[in-house]
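Listed below, chain by chain, are the residues.
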Amino acid sequence: MTILVTGATGNAGRQVVNELLALGQQVRAVTRDADRARFPAGVEVVKGDLTRPETIPFDGVTGVHLLTNAGANYAELLTGPDLVERAEKAGVRRITVLWSGYRSPLEEAVTASSLEWTVLRPVDFMSNSLVWAEPVRREGVVREPFAYARSALVHEGDIGAVAAAVLARGGHGGRTYTLTGPESLSVPEQVAVIGAAIGREIRYVEQSEEEARREMLGAGRPAEVVDFLIEWKRDMPAEGYTVVSGVEDVLGRPARSFALWAREHAGAFR
């Protein structure tokens, strides 16, 4: 079977592609910048844009991995009904939807469809910690607001493995899985884990909310995205810090730890 992966060059998308290959599946990777995709041999790379459903090649595809946001700025994807209609007409059987913090028009269209759908709801990605790499290398410091906030952050590889297992093997239709790591950590605790992985003490400095807002806006993030992220961190919903068994329920093994992730990515922080 051929499985189509959208957002294939993203942190989770690449993991979905790799995990599908490991399961022996044929993969069609969709990205807006096919020339820079850099996938293993055998992956069919196609240029496509979820905001333009006619560019997504559903023909000959039995499973699809879809995102609920479009573009680098995490804009809400409004073409969900059209994408789902095209998938149904093309004969797609299974579909996974990667949640992004709210019930989107795409998720609504998918869950109302005839497809064998599964919604994946990861909390914070461990890979988001890579934004600290440059300041850690330069001055050994991490600046973040809300020191008290905890997160059951999940390894992006586990997200990819869950999506691949669902699409390749089936048996999870009509289900929603919250995906977390095996522990809930505060930012200072995450910083300490990275420090242990690189053998160097890293200093944590708590930012004010306004400092964090200015920094994110200065990095080019849209104001509405910044508002969402600040609110999420300031008043984390229970599902953001509560450890659940979603990864193990699908894969039959425990979720990977942040300590393992930090060791895998230690080179980025040195």
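Residues numbered from 1 in each chain as written. Predicted model: local features only at pLDDT ≥ 70, side-chain atom pairs only at ≥ 80, totals over all residues. Heavy atoms only, no water.

Chemist: Explain the environment of Ala-212 here, please?
Modeler: Relative to the helices and strands, Ala-212 resides in helix H7 (residues 209–218). Here Ala-212 falls in the buried class, since its relative accessible area comes to 5%. In this structure, the C-alpha to C-alpha distance between Ala-212 and Pro-145, residues 67 residues apart in sequence, is 6.5 Å. (Helix = DSSP H or I, 4+ residues; strand = E, 2+ residues; numbered from the N terminus. Buried < 20%, exposed > 50% of the residue type's maximum accessible area, 1.4 Å probe, protein only.)

Chemist: What should I look at first to understand the pairing of strand E8 (residues 116–122) in this one?
Modeler: If a strand is regular, its side chains alternate between the two faces of the sheet. Counting buried positions over the seven residues of E8 gives five, a clear majority of the element. Where strand E7 (residues 94–98) meets E8, five bridges bridge the pair, whose relative direction is parallel. Opposite Ile-95, over in E8, you have Trp-117 as the bridge partner. As for the winding sense of the linkage, the β-α-β connection from E7 through helix H3 (residues 105–111) to E8 is right-handed. Two strands pair when backbone bridges link them, and E8 and strand E11 (residues 175–179) are joined in this way by five bridges, in the parallel orientation. Paired with Thr-118 across the two strands is Arg-175, which belongs to E11. (Pairing = 2+ DSSP bridges. Right-handed = clockwise from strand over helix to strand, strands pointing away.)

Chemist: Explanation requested: the packing of aromatic side chains in the structure shown.
Modeler: Aromatic rings considered in pairs are described by the distance between their centres and by the relative angle of their planes. Counted under the stated rule, the structure contains four aromatic pairs. Ring centres 6.2 Å apart and planes at 70 degrees place the aromatic pair Trp-261 and Phe-269 in the edge-to-face group. On the accessibility criterion, Trp-261 (0% relative accessible area) is buried. A cation sits over an aromatic face here: Arg-14 above Phe-39, 4.7 Å from the ring centre. (Phe/Tyr/Trp six-rings, centres within 6.5 Å; stacked < 30°, edge-to-face > 60°. Lys NZ or Arg CZ within 6 Å of the ring centre and 35° of its normal.)

Chemist: What exactly am I supposed to notice about the environment of Glu-76 here?
Modeler: In this structure, Glu-76 sits in strand E6 (residues 75–76). Between the C-alpha atom of Glu-76 and that of Pro-105, which follows or precedes it by 29 residues, the distance is 8.4 Å. The residues contacting Glu-76, other than those within four sequence positions of it, are Thr-68, Asn-69, Tyr-102 and Pro-105. (Contact = heavy atoms within 4.5 Å.)

Chemist: Could you clarify how one ought to interpret the packing of helix H1 (residues 11–22) against helix H5 (residues 156–169) in this entry?
Modeler: When two helices pack together, their arrangement is given by the angle between the helix axes and the distance between those axes. The geometry of H1 relative to H5 is characterised by a closest axis approach of 7 Å and an angle of 50 degrees between their N-to-C directions. Relative to H5, the element H1 lies oblique. Taken as a pair, H1 and H5 cross one another with a handedness that is right-handed. From H1, Asn-11, Ala-12, Gln-15, Val-16, Glu-19 and Leu-20 reach across to H5, where they touch Glu-156, Gly-157, Ile-159, Gly-160, Ala-161, Ala-163 and Ala-164. Classifying every residue of the contact of H1 with H5 gives seven nonpolar, four polar and two charged. (Axes fitted to C-alpha atoms, helices over the stretch in contact; angles between N-to-C directions. Parallel < 35°, antiparallel > 145°, perpendicular 65-115°, else oblique. Left-handed = near helix turned anticlockwise from the far one by under 90°. Nonpolar A, V, L, I, M, F, W, Y, C, P; charged D, E, K, R; others polar.)

Distances and angles like these do not, on their own, reveal function.
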